[in-house]
There are 2 protein chains.
Amino acid sequence: MQVQTVAKSTPRIDFAALTLCRGLGQQATSRIATISTIQSVSASQVVFYEGDEADSIYEVVRGTLKIYKLLPDGRRQITGFLSEGHLLGLSLDGTYTYSAEAMTDLVLCRYPRSHFDRIVSEMPGLAQRLLTATSDELRAAQDQMLLLGRKSAEEKIASFLLMLARSHSLGDEENVLEIPMGRDDIADYLGLSIETVSRTLTKLKRAGIIALPMSSRVVLQDRGRLEELAGGEFAESL
Amino acid sequence: MQVQTVAKSTPRIDFAALTLCRGLGQQATSRIATISTIQSVSASQVVFYEGDEADSIYEVVRGTLKIYKLLPDGRRQITGFLSEGHLLGLSLDGTYTYSAEAMTDLVLCRYPRSHFDRIVSEMPGLAQRLLTATSDELRAAQDQMLLLGRKSAEEKIASFLLMLARSHSLGDEENVLEIPMGRDDIADYLGLSIETVSRTLTKLKRAGIIALPMSSRVVLQDRGRLEELAGGEFAESL
DNA sequence: CGCAAACTTGATGTTGCTCAAGCTAGGTGG
DNA sequence: CCACCTAGCTTGAGCAACATCAAGTTTGCG
């Protein structure tokens with residue numbers, strides 16, 4: 001099931017900058033470099049499917065991907081958008097528990113499962129780093145459960161835009177967001193239909209809270225009101 | 001904010017049986033015993049609130065609790081029911097990211113944050129155990145996102161009953177479930193209203209799929225149909 | 001026995017989904 | 001360079017699912 005495109009020319013990687021290596025010594029870093037392989041994946045390719053044998057852990061080196069789960073009839077829930085520095089495939093049992101698909105061209109660093117486990121048990125501190133990363137994803141997942149279970153469409157969209165604003169933060173001009181995914185992905189991330197996503201964005205535009213110069217660009221014109229609409233959960237106060 | 005009831009008589013605990021200790025040596029276990037304190041909490045007491053300073057990690061020794069997040073207007077999302085052996089409070093930053101409330105009388109084992117961190121870095125293998133536990137919770141959270149975002153009320157209730165059946169498994173008679181929480185908690189766990197929970201259970205009863213001899217007891221009369229209704233995600237096939 | 005809390009049931013209302021057209025922008029071939 | 005074509009997005013109308021509001025009913029407890 002692995003539909004993967006390995007580039008002819010392997011991109012150069014600074015291993016010391018990887019999430020997995022940061023903070024570890026020079027020796028550990030080169031050790032990790034030896035067990036890992038670099039892999040390029042082009043946009044819209046699937047890295048792995050839910051249910052595939054989980055033979056590798058990946059780190060996103062460049063680009064963005066989405067992870068999602070499907071119901072038998074095709075309904076989809078996107079559980080996360082992962083960009084540079086995120087790890088994926090850390091499953092316990094033998095198979096992946098979600099599918100992963102490239103949203104942009106990707107560079108991934110791949111760690112074969114068997115080597116990975118060994119290295120984790122041999123390197124003190126590495127398991128702690130992984131624990132920190134996983135705890136943070138769990139926290140994000142709990143925020144998302146609150147959103148999915150209890151927020152209205154308007155609150156969902158407002159929260160989503162603010163989340164984007166936070167992750168892109170300090171990049172482009174303040175308050176101008178590049179939306180890197182289609183309406184269908186937004187819908188499947190927020191538990192809405194495409195049409196509701198579109199209508200809700202239009203509504204926020206009409207209210208003067210955002211502007212939509214293009215369908216993939218949002219300008220936050222009134223961040224305060226957007227934060228009110230998002231239904232400020234505790235996390236917002238940070 | 002800590003509303004906690006510490007029992008006069010500290011219950012006796014078998015430390016070696018704790019999730020945190022299992023698999024570690026005798027020495028490590030007694031080390032952990034020295035830094036931990038046992039705490040009894042009575043039903044419906046709050047162990048900690050979202051936003052409180054996260055000064056301790058807890059392990060559930062006996063009983064069940066719920067963890068949840070609130071919106072400012074009081075809407076609530078229960079993100080998990082934790083029973084014996086589960087850890088809670090493993091937050092990264094300084095504050096808890098959810099509230100925890102006892103559903104039954106509880107016995108908790110409490111590890112002060114400062115000691116906990118030290119012990120984790122000193123004991124090889126412990127971080128790995130925590131990573132495993134956290135990864136598993138993350139997997140469950142992703143399943144729940146699929147449920148909250150994409151399943152109908154009927155599918156949610158069916159999934160919930162099967163989840164209960166799995167966790168209680170092999171205890172009582174096959175197919176007879178004791179539901180340990182009220183309709184309000186079920187509703188806030190599944191992202192539904194109390195009334196919809198009640199109506200959906202009645203509907204399943206009328207269809208002959210379950211029986212409801214009491215409001216807190218469910219008999220699974222046709223598990224096959226229930227599994228169909230749950231919209232078998234991948235996990236079901238395990 | 002009586003009371004309160006929890007649950008169920010019914011009637012009505014609202015949100016967001018579905019189905020069905022339009023619209024727009026970017027890419028392609030003439 | 002332009003016209004066309006398509007994929008993605010928006011908009012509208014009608015509808016279904018679920019929420020809300022309002023009684024009833026049951027259960028457990030003092």
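Residues numbered from 1 in each chain as written. Chains lettered and ligands numbered in written order. Predicted model: local features only at pLDDT ≥ 70, side-chain atom pairs only at ≥ 80, totals over all residues. Heavy atoms only, no water.

### What about the overall build of chain A?
The cut-off we apply is this: Strands are runs of DSSP state E lasting at least two residues, helices are runs of H or I lasting at least four, and both sets are numbered from the N terminus onward. The atom set for the radius of gyration is the C-alpha atoms, and the globule formula is 2.2 Å times the number of residues raised to the power 0.38. Under the scheme applied here, a residue whose accessible area is under 20% of the maximum for its type counts as buried, over 50% as exposed, and between as partly exposed, the area being computed with a 1.4 Å probe on protein chains only. Contact between two residues is taken to exist if any of their heavy atoms lie within 4.5 Å; hydrogens are not considered.
When helices and strands are counted, chain A shows seven helices and 11 strands. Taken over the C-alpha trace, chain A has a radius of gyration of 19 Å; the compact-globule value for 238 residues is 18 Å, and the two agree within 12%. When the 238 residues of chain A are sorted by exposure, 50% land in the buried category. Considering only contacts in chain A between residues 6 or more positions apart, those separated by 24 or more positions represent 73%.

### A few points about the environment of V61 of chain A
All names here are of chain A. Secondary-structure assignment places V61 in strand 3 (residues 56-62). Linking V61 and L126, residues 65 residues apart in sequence, is a C-alpha distance of 18 Å. In this structure V61 touches I13, L18, E84, V107, L108 and C109, once residues within four positions along its chain are discounted.

### Overview of the protein's contact with DNA strand D
Note the following rule: Distances are taken per atom, and a residue is near a molecule or strand as soon as one of its heavy atoms is within 4 Å of it. Each polar contact in these results corresponds to two N or O atoms within 3.5 Å; when the atoms are within protein, one needs to be able to donate a hydrogen and the other to accept it, and residues that are neighboring in sequence are counted only if both atoms are side-chain atoms.
Taken together, 16 residues sit near DNA strand D, with R183, R199 and T202 of chain A together with T196 and R199 of chain B positioned nearest. The sugar-phosphate backbone supplies 58% of the atoms of DNA strand D found within 4 Å of the protein. R199 of chain B has a polar side-chain atom sitting 2.7 Å from a base oxygen of DNA strand D. Of all elements in the fold, only helix 6 (194-206) of chain A together with helix 6 (194-206) of chain B reach the threshold of two or more residues within the surface near DNA strand D. Per-element accounting of the surface near DNA strand D gives the leading share, five residues, to helix 6 of chain A.

### What to know about the interface of chain A and chain B
Going by this rule: Two parts placed together each lose some accessible area under a 1.4 Å probe, and adding up what both lose gives the buried area. We count a salt bridge whenever a side-chain nitrogen from Lys or Arg sits within 4 Å of a carboxyl oxygen from Asp or Glu.
Contacts between the two partners involve 50 residues from chain A and, on the opposite side, 50 residues from chain B. In this assembly, chain A packs against chain B so that about 4300 Å² is buried in total across both faces, 67% of it on carbon and sulfur atoms. Put simply, D143 of chain A and K69 of chain B hold a salt bridge, and the shortest N to O gap is 2.8 Å. Our count for the chain A to chain B interface comes out at 14 residue pairs in polar contact (both at pLDDT 80 or more). When residues of the side of chain A that touches chain B are traced back to their parent elements, those giving at least two are strand 4 (64-70), strand 5 (76-83), helix 2 (113-122), helix 3 (126-150) and helix 5 (183-190) of chain A.

### Quick look at the sheet that holds strand 10 (residues 210-214) of chain B
Residues and elements named next belong to chain B. Heads up, the condition is: DSSP-based pairing: two strands are paired if at least 2 bridges between them are found. Between the N-to-C directions of two axes lies an angle of 0 to 180 degrees, each axis being a line fitted to C-alpha atoms and, for a helix, fitted only over the stretch in contact.
Read across the sheet, three strands follow the order 9-11-10 without closing on themselves; strand pairing throughout is antiparallel. Two strands close off the open sheet at either side, each with one partner strand: strand 9 (176-178) and strand 10. Taking each pair of neighbouring strands and ignoring which way they run, the sheet shows an average axis angle of 25°. Summarising the sheet, strand 9 and strand 11 (residues 217-220) pair through three bridges and their orientation is antiparallel. Across the sheet, residue V176 finds its bridge partner in strand 11, namely V219.

### Topic: the environment of Q221 of chain A
Residue and element names in this part refer to chain A. As for its placement among the helices and strands, Q221 is situated in the loop between strand 11 (217-220) and helix 7 (223-229). Along the backbone, Q221 and V176 are 45 residues apart, and their C-alpha atoms lie at a distance of 9.0 Å. Every residue in contact with Q221, bar those within four places of it in the chain, is listed here: G208, I209, I210 and A211.

### Let's talk about the pairing of strand 7 (residues 99-102) of chain A
Residue and element names in this part refer to chain A. Here strand 7 shows two buried faces, one formed by S99 and E101 and the other by A100 and A102. The pairing of strand 2 (residues 46-48) with strand 7 spans two bridges and is antiparallel. Opposite V46, over in strand 7, you have E101 as the bridge partner. Pairing analysis gives four bridges linking strand 4 to strand 7, with the strands arranged antiparallel. Residue pairing in the sheet places L65 in a bridge with A102 of strand 7.

### Thoughts on the relation of the copies chain A and chain B
Put simply, the test is: When the copies are overlaid, the least-squares fit takes in C-alpha atoms only where the residue has pLDDT of at least 70 in both copies.
Under the fitted operation, chain A is carried onto chain B by 0.0 Å of movement along the axis and a turn of 180°, and the coordinates agree to an RMSD of 0.0 Å. What the superposition gives is, in effect, a two-fold axis relating one chain to the other. Take the interface residues of chain A: 100% of them recur as interface residues in chain B, which is what a same-surface contact looks like.

### Observations concerning the pattern of salt bridges
Where charged atoms from two side chains of opposite charge approach closely, those side chains can pair. A complete count under the given rule lists 34 salt bridges over all chains for this structure. Counted as one network, the salt bridges with shared partners bring together K66, R76, E101, D185 and D188 of chain A together with R150 of chain B.

### So, the protein's contact with DNA strand C
We count it as follows: Each residue gets one of three labels, nonpolar for Ala, Val, Leu, Ile, Met, Phe, Trp, Tyr, Cys and Pro, charged for Asp, Glu, Lys and Arg, and polar for the others, Gly among them.
Of all residues adjacent to DNA strand C, which total 15 residues, the nearest are T196 of chain A together with R183, S198, R199 and T202 of chain B. In DNA strand C, atoms within 4 Å of the protein come from the sugar-phosphate backbone in 61% of cases. Between a phosphate oxygen of DNA strand C and a main-chain N or O atom of A153 of chain A, the distance comes to 2.8 Å. With respect to DNA strand C, the side chain of S198 of chain B contributes an N or O atom lying 2.7 Å from a phosphate oxygen. The leading source of residues in the surface near DNA strand C is helix 6 of chain B, at four residues. For the surface near DNA strand C, a count of residues per class yields two nonpolar, eight polar and five charged.

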